[in-house]
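# A look at the structure
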Amino acid sequence: MTLSAIFCYSVDGAVAANFGAMKETSVPGVELTRAEAAVLDAIDEHALVEELVAMIRLPSLTGSDAESELQQWHASQLATLGFDVDTWKLDLDDLAAHPDYPGTEAPRVEGYGVVGVLGPEGVPALVLQGHVDVVPTGDLDNWDDRNPFSGAIRQNAIHGRGACDMKAGVAANLAVARALVVSGVTLERPFALHAVISEEDGGLGAFATMLRGHRGEAAVITEPTSGNVVVANAGALTFQLRVPGRATHASSKLAGQSALDAFLPVYAAIAELERERNAHPDSLFAGNPLPYPISIGVVRTGDWASSVPDLLVAEGRFGVQIDEPPAAARASLERAVADASARDPWLRDHPVEVTWPGGQFASGRIDPAHPLVGEVVDSILVSEGRDASLSGAPYGSDLRLYSGMGGIPSLHYGPGDVRLAHGPRERVDIDELIRSTHSLAVLTARRCGAHH
């Protein structure tokens, strides 16, 4: 199905049947300005749901053609709304040669950046940012309908790959942008929307956007936060282990050395390192028993059932503690592997090789005293009628690039539960989607000085 066919359709039966069950979001007894109320009234909740379903139906896997298609669609939508739009093709070779290159894991032949700005000249008072790329689907048998990109609506939730990570946040950002225009308000200070690629495998899109020179006084990255305001997040480093063995016929196993057997003490050492690194986490992770996980995601070994394997390759993800330099995190894993090798009779003379390919996410944070934090909390109180908690996120994100190389105070607030991301149960609650969009709209109207 073409991009235009996906986005130019009437609400189908699944959406229409469920839309009536959605709760109407009302503003509690806190006075809004006339302009703020106008922006809220201009949010088209029906279109918000419809657009998210359409985006899920476009399988914008990291590095795919559909990722580029979705970026071009964003640029078209923002231009139609009257935004000043910067769309550019990423120079992949130049980016890869940069000393701060964040790394990638998915092959790609192209990529695009999209930034839209609305309002007067100057540095945007607020940036809303989201990534359009999604991770692969895994085994289709694990999905209820064997269609990860259906955008099906069941029990007042939208299902599918990218539903919460993070096309719900992307849809919310665009709904806010559209409401600013439809409401007819004037902005005293500019507003910017950033749509980026390649977040899932390192943050190349955000990296390119910062190198392009786009900035803002503050940014909200609308990753899924389960209703919390995320003021810090951990980092994540992709690593690879190469464990040597010695091949022989399986019937003479003792004449060789199984690389799989050799990996087992290394795996145990990594598990012990994980326990040590999570013994005293930051207080922002209260209630999270494992904010800095070390996970082995891929293991490959052997090429014949009746041969002792002579090489094991393991690839994983290493959680970086808040404020921990990535170099120190790498050193801790390398030290643990080296110590395990030194204790093992085989590995002592055949040490494990540790390398760091792929995405390299540092941690990031915002000062809790920064005005943006209170403004987001106040906007949630006004539009959702609740006190939002401040928390930390255990995943890496573009936050460290915006707050680090961009110097933009940034935090996360958006619809969805990250525990459902990257899995076959991925979904986002429609009511939560609408509530989050309302809060982001109030924040944007206030921070950008919306008035009639």
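For clarity, every value in this text was computed on a predicted model and none was experimentally measured.

Over the atoms rolls a probe the size of a water molecule, and in doing so it shows where empty space is left. In this structure, the second largest pocket encloses a volume near 240 Å³. If you go around the second largest pocket, you meet 13 residues; those closest to its centre are D100, P102, Q360, R400 and L401. Put simply, the parts of the chain that give the lining of the second largest pocket at least two residues each are α10 (326-343) and α12 (399-403). Tallied by class, the residues present in the lining of the second largest pocket amount to eight nonpolar, two polar and three charged.

Moving on, we get to the confidence of the model for the protein chain. Summing up the model confidence of the protein chain, the mean pLDDT is 93 and the portion of residues at 70 or higher is 93%. Residue range residues 20-26 is modelled with pLDDT below 50. Its contacts to residues more than four positions away, or to other chains, number 12 contacts.

Scanning the model with the defined rule gives two cavities of 30 Å³ or more in all. Put simply, the largest cavity is a space of about 60 Å³. The wall of the largest cavity is formed by W143, D144, D145, N147, P148, S150, A152, R154, H159, G160, P424 and E426. Here the residues of the lining of the largest cavity sort into four nonpolar, four polar and four charged. Looking at the second largest cavity, its volume works out to about 30 Å³.

Once that is clear, we can look at the packing of helix α4 (residues 45-57) against helix α7 (residues 163-182). Packing of α4 against α7 leaves a shortest axis separation of 9 Å and a crossing angle of 135°. If you check the angle between α4 and α7, you find them oblique. α4 and α7 meet at a crossing whose hand is right-handed. Of the residues in α7, those touching α4 at L48, E51, L52, M55 and I56 are A163, K167, A168, V170, A171, A172, L174, A175 and R178. Residues belonging to the contact of α4 with α7 are distributed by class as follows: 11 nonpolar, no polar and three charged.

To continue, consider the pattern of salt bridges. Two side chains bearing opposite charge may form a pair once their charged atoms approach each other closely. Within this structure, the stated rule accounts for 19 salt bridges. The partner of D282 in a salt bridge is R365, and the shortest N-O contact between them spans 3.5 Å. Taken together, the residues D282 in the loop between α9 (259-277) and β11 (294-301) and R365 in strand β15 (residues 364-365) connect sequence positions 83 residues apart. The exposure class assigned to D282 is partly exposed, which follows from its relative accessible area of 25%. For R365, a relative accessible area of 30% corresponds to the partly exposed category. Taken together, the salt bridges that share partners define one network made up of R189, E217, E375 and R447.

Right, let's get into the environment of G122. As for its position among the elements, G122 is in the loop between β2 (112-118) and β3 (126-131). You can call G122 exposed: its relative accessible area is 53%. Separated by 40 residues in sequence, G122 and G162 place their C-alpha atoms 33 Å apart.

So, how was this worked out
Residues numbered from 1 in each chain as written. Predicted model: local features only at pLDDT ≥ 70, side-chain atom pairs only at ≥ 80, totals over all residues. Heavy atoms only, no water. 1 Å grid on protein atoms, 1.4 Å probe; cavity = no way out; pocket = protein on both sides within 12 Å on 5 of 7 lines; lining within 4 Å. Points joined across faces, edges and corners; volume = space filled by probe spheres on them. Helix = DSSP H or I, 4+ residues; strand = E, 2+ residues; numbered from the N terminus. Nonpolar A, V, L, I, M, F, W, Y, C, P; charged D, E, K, R; others polar. pLDDT = per-residue confidence, 0-100. Contact = heavy atoms within 4.5 Å. Axes fitted to C-alpha atoms, helices over the stretch in contact; angles between N-to-C directions. Parallel < 35°, antiparallel > 145°, perpendicular 65-115°, else oblique. Left-handed = near helix turned anticlockwise from the far one by under 90°. Salt bridge = Lys/Arg side-chain N within 4 Å of Asp/Glu carboxyl O. Buried < 20%, exposed > 50% of the residue type's maximum accessible area, 1.4 Å probe, protein only.

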